[in-house]
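Given next are the chains, with one letter for each unit.
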Amino acid sequence: MADAAAESVGIFVKCGLDAKEANAMGAKLVAKLLEVLGEAGVAEKGCDKSVGVLLHSIASKFPANALSHRPHAIAMVMDKKLCTLPQMDACYKFLKAVGAESFDSAALEEACGVGVVVTREEVAAAVAGQIEAHKADILERRYRFVFGRLQVAVQKAHPWALGRVIKEELDKAALALLGPKTAADEAPLPKQKKEKKPKKPKAAAGGAGAEGGVEAEQESIDLFSHLPKPEANNGVHTEVRFSTGETERYANDKATLAAHLARTGGAVVTRFPPEPNGYLHIGHAKAMHIDFGYASQSGGRCYLRFDDTNPAAERQEYIDHIQEIVKWLGWEPYKVTYSSDYFKQLHALAVELIKAGKAYVCHQKGEEIAASRAARKDSPWRDRPIAESLALFEDMRRGMVPEGQATLRMRQDPRNDNFNMFDLIAYRIKFRPHPHAGSEWCIYPSYDFTHCLVDALEDITHSMCTLEFETRRASYYWLCHHCGTYLPHVWEYSRLNITNTVMSKRKLNITNT
């Protein structure tokens, strides 16, 4: 780890960045900057500081909803079309408005002032105008006057002027008006005594108390302030780097987001999605507080969705228990739904996925799949013809393939660094009736196939889950993207752990058997 960090700092220094600042960078910024320098082709050979500063700006400030256009911005920097930070800011503003949509390069160059030259004489004239406008105040306060205000004004009048040139002309004009600094100019200002603020009354025991007490303080904390509004859900949700060297970035385009907002009215939509295979534990109270609580706070709605994709594990007893607990804790679902309500839509999406070459029927057994994944090897059936997979999947649906003899797998990336991209199973065969859907189906979708797509079908704006699901982000967005659905915003939070308390549905089930 230390060697990798030292290597990164060395690359940054070769690109003109300060070693101390490079060492202080967070891991995410380091990773992004390395990507940007790689895309710019300067990671090995280095570059001038003037270019390095602009590439650092791209790594830290580039709009998330326009990441597909980042290579274009990098090329503009390397071609000397973008030369200043104000130009970079104009570029970000333009591309943020564009998002993932295509754009007119000429319009971007015009918005960024490409080719516009602001001479030193023009800057000096603007500075002189600002000095004259504030002359009386400057003469009175001398070097204690805040000249930065004038720099901002000149920069606003000439947005493509170099900040360094504006500063130099301001310093020159100040010296001409005031002469060199005197001892009085350098002397520290006399300290002013601060008035003591009256102490706030302490809250009474139990949390209740006078105004400003614990309860009022807690009520003022918005736990969800970092989450994007539904109308702002057009940023890149995640980047998936494939073993082939390709990178896919997933974001809602304008048309998809507009259609979603039309269906929801722009409301926050969440869901509490327990699998009805056991009794709830106290950790689910936290999940309910987040899912129902955020919707309630935002004036939105929250589904109670039973994630019932495994007919072997679900029982009506658990469904009744979950609904009872939700009601007992004071939550009122917008609707009670079941993943099985969407089996027809999910099956149709699976067929389209096969047609797009993104899914295939596989005959490996469970232990063979595990061995292939451990060895990072493809399934022998990964490249079978699309028509063959379509026919076999239809045979699976009609009950013509024995249980355990075939699965439908997503065609993702068996050699990916993320094991949740190892061609996950989408459908498996189970010859047993479903507690909610009856005997209509003998193939059932997996959690990995169902969860994200039902989120999209229900127009969930914020899909919230605990941190152990973070590695599933890649497959979540990969599947939604390749099925052409809306992309919810995923947020992971830490799970609740309490000592000496059973925090597992599986263990609660064992206890009650």
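Residues numbered from 1 in each chain as written. Predicted model: local features only at pLDDT ≥ 70, side-chain atom pairs only at ≥ 80, totals over all residues. Heavy atoms only, no water.

Okay, the state of the cysteines next. Throughout the structure, instances matching the rule amount to 0 disulfides. Distance from the sulfur of cysteine 452, which forms no disulfide, to the nearest cysteine sulfur (cysteine 480) is 4.2 Å. A relative accessible area of 1% places cysteine 452 in the buried class. Cysteine 480 supplies the cysteine sulfur nearest to cysteine 483, a cysteine that is in no disulfide, at a spacing of 7.2 Å. A relative accessible area of 17% places cysteine 483 in the buried class. (Disulfide = S-S within 2.5 Å. Buried < 20%, exposed > 50% of the residue type's maximum accessible area, 1.4 Å probe, protein only.)

Right, let's get into the UniProt feature "domain: Glutaminyl-tRNA synthetase class Ib non-specific RNA-binding" (unreviewed entry) in the protein. The UniProt record annotates "domain: Glutaminyl-tRNA synthetase class Ib non-specific RNA-binding" (unreviewed entry) at residues 8-161 and 166-241. Secondary structure within residues 8-161 divides into 65% helix and 0% strand; the distance between the first and last C-alpha atoms comes to 32 Å. (UniProt positions renumbered as here; feature names shortened; annotations may be inferred. Helix = DSSP H or I, 4+ residues; strand = E, 2+ residues; numbered from the N terminus.)

Here glutamine 87 shows up in helix H6 (residues 85-98). Discounting chain neighbours no more than four positions away, the residues touching glutamine 87 are Lys81, Leu82, Cys112, Gly113, Val114 and Trp160. (Contact = heavy atoms within 4.5 Å.)

Ranked by internal contacts, the top residues of the largest apolar core, which has 43 residues, are Phe393, Leu408, Tyr427, Phe449, Leu453 and Leu479. Contributions of two or more residues to this core are made by helix H17 (343-355), strand S6 (359-362), helix H19 (386-397), strand S7 (407-410), strand S8 (425-429), strand S9 (443-445), helix H20 (447-457) and helix H21 (473-482). Here this core takes 7 residues from H17, the largest share from any one element. Setting aside anything within four residues of it in sequence, one finds leucine 408 in contact with Ala350, Ile354, Ala359, Tyr360, Val361, Phe393, Met396, Leu424, Ile425, Ala426 and Tyr427. (Core = buried A, V, L, I, M, F, W, Y, C linked by side-chain atoms within 4.5 Å.)

Read across the open sheet, the 4 strands follow the order S6-S7-S8-S9; overall the sheet is antiparallel. Whereas interior strands pair on both sides, the edge strands pair on one side only; in this sheet they are S6 and S9. This sheet shows a mean twist of 20 degrees between the axes of neighbouring strands, independent of strand direction. Helix-sheet contacts for H19 involve S6, S7, S8 and S9, and the interaxial angle to S6 is about 60 degrees. (Pairing = 2+ DSSP bridges. Axes fitted to C-alpha atoms, helices over the stretch in contact; angles between N-to-C directions.)

Another point: the sheet that holds strand S5 (residues 336-338). Strand order in this open sheet of 3 strands is S3-S4-S5, and the pairing throughout is parallel. Of all the strands in the sheet, the pair left with one neighbour each is strand S3 (269-272) and S5. Neighbour-to-neighbour, the strand axes of the sheet open up by a mean angle of 35 degrees, direction not taken into account. Each of S3, strand S4 (301-306) and S5 touches helix H16 (residues 316-328); the most contacted strand, S4, lies at about 160 degrees to it.

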